[in-house]
Amino acid sequence: MQQRREEIIAKTAKLAELKRQRELRANQANATRQSLGGAADFKLPTASRADSRRQIETIINDLLGESRPGSVSGGAGSPGGPRSSRPSSVLSADQLSNGPSEAPLPPGTPVAPVQPISLSTVPLTTVYECPPSPVKEVFSYSKGVQTTEEWTGPSRPRAQSGVSDGDDIPGTTATPSKRMSRRERDREEELRQKIRSEVEEELKAAKEFVTDGVMAAGPSASTNYPSRDLTAEELDAVYQSDDFVDFLEKSTKVIERAFDQETYDILTDYALQGQDVDDEDEETGNTGGRGKHRIKEVAQFFDDRWSKKRMISGIDFSPKFSELLLASYTKNPTAPHEPDGLVQVWNTHMHDRPEYVFTAQSDILTAKFSPYHPNLIVGGSYSGQVLLWDTRAKAAPVQKTPLTGYGHAHPIYSVDIVGTQNANNIISCSTDGVVCGWSMDVFAQPQELLELKNPTQAKVAVEDVSPTCLSFPQTDPTFFLVGSEEGTIFPCHRYDRAGAKAGVDKKIAYKGHTAPVMSVDFHPAKGPVDLGDLVISSSLDWSVKLWKVRAPAATSTVGTGDGNISPLIDFVREDVVYDARWSPVKPSVFALVDGAGWLELWDIAVETEEPVSRITPSTRQDGRTMLSKSLNKVAWEPNDGKRLATGGIDGSLTVFEVAGGLGGKEGLKHEDWTNVKKLVNRVDAVGLNGAMVV
């Protein structure tokens, strides 16, 4: 730089010397012209003047180099010119005058031919004191700069000025940092220095640990982020937040399930080879029956807040998760501010509280798990609404049918889900004789609607059937039975078929009960012999009856006189029977519950006069003594058939486990099915209307 400066000063001095000599020659020429007194003998030294101009031009070019603006043919407006072009005050020689720049010569003076030279004049004050920056300016383009804000170059932010090129900080851009205030930039630089120092300390400690094998006691996280006690307001905000409540609920449930897991039995005797142990060893806890017909109480579920003073109206096991079961409840008359309807989903590994709690604005009279959607629960309410809950959602129903327009306007005591995985419907019936078919996706109006009319009434005043329960066979989703309040069981068709129209079949009826029918259940029919035509029903007339149902196609050939069908077997009990269900595994076993609080298990292949086992749930310490023993519902676990649950007026849900003779798939034989078929054929041979009373 100093050498370049000295070179410029030397050339400037040489230019000044040339100017001084030119002025001296001009003065001498004037003095000579005046002394001669005439212009005849005067000759203009044109050649020496041209040489002088060329010399000046050469010196200026050497002085300015390639950055001289006059050397660019395009001028200042040229698109290829550099940004530091000549000033606007500099004009070309042709712009200064229209003719040549020489003074006019006297006539007769010989003029040497001069070649045209294009020159541009530049003020001598335009001199670069320092060379231009060698850094090439870079222009970038992106859609983000198409705004009204002034574009800033990609120069390095001041906040990174203390960071070397090797210390790259990802995610930092230059544009936002330039717009930051000086305080923000200083704060950012301070944070970076602090982070860098912490990283260096961690790396140093790691190296020492690798070298010496001992981790030095450095500053812990508590030093950087010291702990402090939360204020009362902060604690309340944490306790009331939804995230904290959800976390606490899920984590405590996991711990409770882990505590309840059964441990390994170290006293197991493998020499028994599956034989039953002595009865003395089995009689621990609440048990009933003996040997392979033994039944034992394994769990009882009751929630002090939700189950208190509520009656159980429905029970169902989950078809996908065998440890889950639900119970529907009626309202608590002493708690008007709590929801009237309630559905609790219990886990057999968590006894103290329910897994899920779902609410409704009206009493829930029945509820079931969907066999095709494991997260959905369907229920029927006292107000006539069909409700749908989702275990992935909140406590309120995700869908419900309207109270106005089409649908039910009376209590719904029974719902069922029929069809296949890809095409299934919810079937509900209310006490006004209306049966509706609903889609899982549309609850605004039913897809099907049937009004059941009693065919035994006179044609002048046909009354509606008052259904209290319904049941579908395993193989036909278009045919079903309904139990009525008058005690008759009516076969019904969902659609028109040959010989019968949709609705109640007018040619046939199953009469035998003298009081309202509380339950109707088709045989599961999962075996080598078809037993799907067997049905058991329970009633308030203190009886359970076994029926043989005729196929829908066979009813078209029945005459008018053969319309009434009597039961095959009549099981007379000692109290009103509220519910009776077939075992899902054992073809000859069914369970019933009565008003006296007994759970009875029957095996018609072994005994038809009395149950093979019976048990009553254990009484809670704070439970009521009067009327609290009555059991309303019973349900089997559908997969293995080794557990069943009961519930009643006191709101307690009790789970029992049965021995191999009453449940389980391991002891099934082909003779179990054939024995039941032989019994039915033998009883049926007694007579068309004859019943076997036991």
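Worth saying up front: this structure is predicted, and the values here are computed from it rather than measured.

Draft legend 1. The overall build of the chain, seen in detail. Within the chain, the secondary structure is distributed over ten helices and 32 strands. For the chain, the proportion of its 694 residues judged to be buried stands at 37%. A sequence separation of at least 24 residues applies to 55% of the contacts in the chain between residues at least 6 apart.

Draft legend 2. View of a nonpolar patch on the surface. On the surface, Leu 230, Leu 235, Val 238 and Tyr 239 cluster together into a nonpolar patch covering about 330 Å² of accessible area. Mapping Val 238 onto the fold places it in helix H7 (residues 232–240).

Draft legend 3. A look at the packing of aromatic side chains. Under the definition given, this model contains eleven aromatic pairs. A centroid spacing of 6.2 Å and a plane angle of 5° characterise the contact between Phe 590 and Trp 602, whose relative ring orientation is stacked. With Phe 590 in strand E26 (residues 589–594) and Trp 602 in strand E27 (residues 599–603), the pair connects residues that are twelve residues apart, well separated along the chain. Linked through ring pairs, Phe 571, Trp 582, Phe 590 and Trp 602 together constitute an aromatic cluster. Stacked on the ring of Tyr 356, the Lys or Arg Lys 253 has its end atom at 5.4 Å from the ring centre. Here Arg 614 stacks its cationic end above the ring of Trp 598, 4.0 Å away from the centre of that ring.

Draft legend 4. Representation of the sheet that holds strand E9 (residues 386–390) within the structure. The four strands are arranged E7-E8-E9-E10 in an open sheet whose pairing can be described as antiparallel. Sheet topology places strand E7 (364–369) and strand E10 (399–400) at the edges, where each strand pairs with a single neighbour. Strand direction decides the pairing type here: E9 and E10, joined by two bridges, are antiparallel. Across the sheet, residue Leu 388 finds its bridge partner in E10, namely Gln 399.

Draft legend 5. Highlighting unusual backbone geometry. Its identity is not glycine, yet Lys 309 carries a phi of approximately 55°, on the positive side. Within the secondary structure, Lys 309 is located in the loop between strand E2 (295–301) and strand E3 (312–317). According to the relative accessible area criterion, Lys 309 is partly exposed, its value standing at 48%. Here the phi dihedral of Trp 542 falls at roughly 70°; this positive angle occurs in a residue that is not glycine.

Draft legend 6. Spotlight on the side chain of Glu 297. Mapped onto the elements, Glu 297 comes out in strand E2. The exposure class of Glu 297 is buried, given its relative accessible area of 13%. In terms of polar contacts, Glu 297 uses its side chain to reach the side chain of Ser 618, at 2.8 Å. With residues near it in sequence (within four places) discarded, Glu 297 still touches Asn 286, Ile 615, Pro 617, Ser 618, Thr 654, Val 655 and Phe 656.

Draft legend 7. Representation of helix H5 (residues 182–212) in the model. Look at H5: 45 Å from first C-alpha to last across 31 residues, which is about the 45 Å you get at 1.5 Å a residue. Within the span of H5, buried status applies to Arg 185, Glu 188, Glu 189, Arg 192 and Ala 205.

Draft legend 8. View of the pattern of salt bridges. Under the criterion given, the structure shown has 19 salt bridges. Its salt-bridge partner being Arg 20, residue Glu 17 comes within 2.4 Å of it at the nearest N-O pair. Note that Glu 17 and Arg 20 are positioned in helix H1 (residues 2–36) at a spacing of three residues, about one turn of the helix. The exposure class assigned to Glu 17 is partly exposed, which follows from its relative accessible area of 31%. Given a relative accessible area of 45%, Arg 20 falls into the partly exposed group. Among the ionic pairs, Glu 190 bridges to Arg 187, the shortest N-O distance being 3.9 Å. In this pair, Glu 190 and Arg 187 are both assigned in helix H5, three residues apart and thus about one turn of the helix distant. Several salt bridges converge on common partners, so that one network encompasses Arg 4, Glu 7 and Lys 11.

Draft legend 9. A look at the sheet that holds strand E12 (residues 424–430). The strand order across the open sheet built from four strands is E11-E12-E13-E14, with neighbouring strands paired in antiparallel fashion. Single-partner strands in this sheet number two, and they are strand E11 (412–419) and strand E14 (448–451). Strand-to-strand twist of the sheet, defined as the mean angle between neighbouring strand axes without regard to direction, takes the value 15°. Note: E12 against strand E13 (residues 434–438), four bridges, orientation antiparallel. Paired with Cys 429 across the bridge in E13 is Val 435.

Draft legend 10. Geometry of the nonpolar core. Among the nonpolar cores identified, the biggest contains 21 residues, and Phe 571 and Phe 590 are the most heavily contacted of them. For this core, the secondary structure elements donating two or more residues are strand E21 (534–539), strand E22 (543–548), strand E24 (569–572), strand E25 (577–582), E26 and helix H10 (670–684). No other element matches the five residues that H10 contributes to this core. Beyond its immediate sequence surroundings of up to four residues, Phe 590 is in contact with Ile 536, Val 544, Phe 571, Arg 581, Trp 582, Ser 583, Glu 600, Leu 601, Trp 602 and Ile 604.

Draft legend 11. Geometry of the pairing of strand E31 (residues 653–658). The buried fraction of E31 amounts to five of the six residues, a majority that puts the element mostly inside the structure. Where E2 and E31 come together, six bridges link them in antiparallel fashion. What sits directly across from Phe 301, in E31, is Leu 653. Of the strand pairs in this sheet, strand E30 (residues 643–648) and E31 are connected by five bridges, and their pairing is antiparallel. Directly across from Arg 643, in E31, lies its bridge partner Glu 657. The antiparallel pairing of E30 with E31 creates a hairpin that spans four residues between the two strands, and Gly 651 there sits at a positive phi of about 85°.

Draft legend 12. Up close: the pairing of E7. Where burial is concerned, most of E7 is hidden: five out of the six residues are buried. For E7 and strand E8 (residues 376–381), the ladder comprises five bridges, and the chain directions are antiparallel. If you follow Ile 364 over to E8, its bridge partner there is Ser 381. Joining the antiparallel neighbours E7 and E8 is a turn of six residues.

Draft legend 13. Spotlight on the environment of Leu 540. Inspection of the secondary structure assignment puts Leu 540 in the loop between E21 and E22. Residue classification places Leu 540 among the partly exposed positions, given a relative accessible area of 29%. In this structure the C-alpha to C-alpha distance between Leu 540 and Asp 579, which are 39 residues apart in sequence, comes to 9.8 Å. Leave out the neighbours within four places in its chain, and Leu 540 touches Ala 515, Pro 516, Met 518, Val 576, Val 577 and Tyr 578.

Rules and cut-offs
- Residues numbered from 1 in each chain as written.
- Predicted model: local features only at pLDDT ≥ 70, side-chain atom pairs only at ≥ 80, totals over all residues.
- Heavy atoms only, no water.
- Helix = DSSP H or I, 4+ residues; strand = E, 2+ residues; numbered from the N terminus.
- Buried < 20%, exposed > 50% of the residue type's maximum accessible area, 1.4 Å probe, protein only.
- Contact = heavy atoms within 4.5 Å.
- Patch = residues over 30% accessible without salt bridge, like charges linked within 9 Å, V, L, I, M, F, W, Y side chains within 5 Å.
- Areas by Shrake-Rupley, 256 points an atom, 1.4 Å probe, with all protein chains shown as cover.
- Salt bridge = Lys/Arg side-chain N within 4 Å of Asp/Glu carboxyl O.
- Phe/Tyr/Trp six-rings, centres within 6.5 Å; stacked < 30°, edge-to-face > 60°.
- Lys NZ or Arg CZ within 6 Å of the ring centre and 35° of its normal.
- Pairing = 2+ DSSP bridges.
- Polar contact = N/O pair within 3.5 Å; in protein donor to acceptor, adjacent residues only side chain to side chain.
- Expected span 1.5 Å × (residues − 1).
- Axes fitted to C-alpha atoms, helices over the stretch in contact; angles between N-to-C directions.
- Core = buried A, V, L, I, M, F, W, Y, C linked by side-chain atoms within 4.5 Å.

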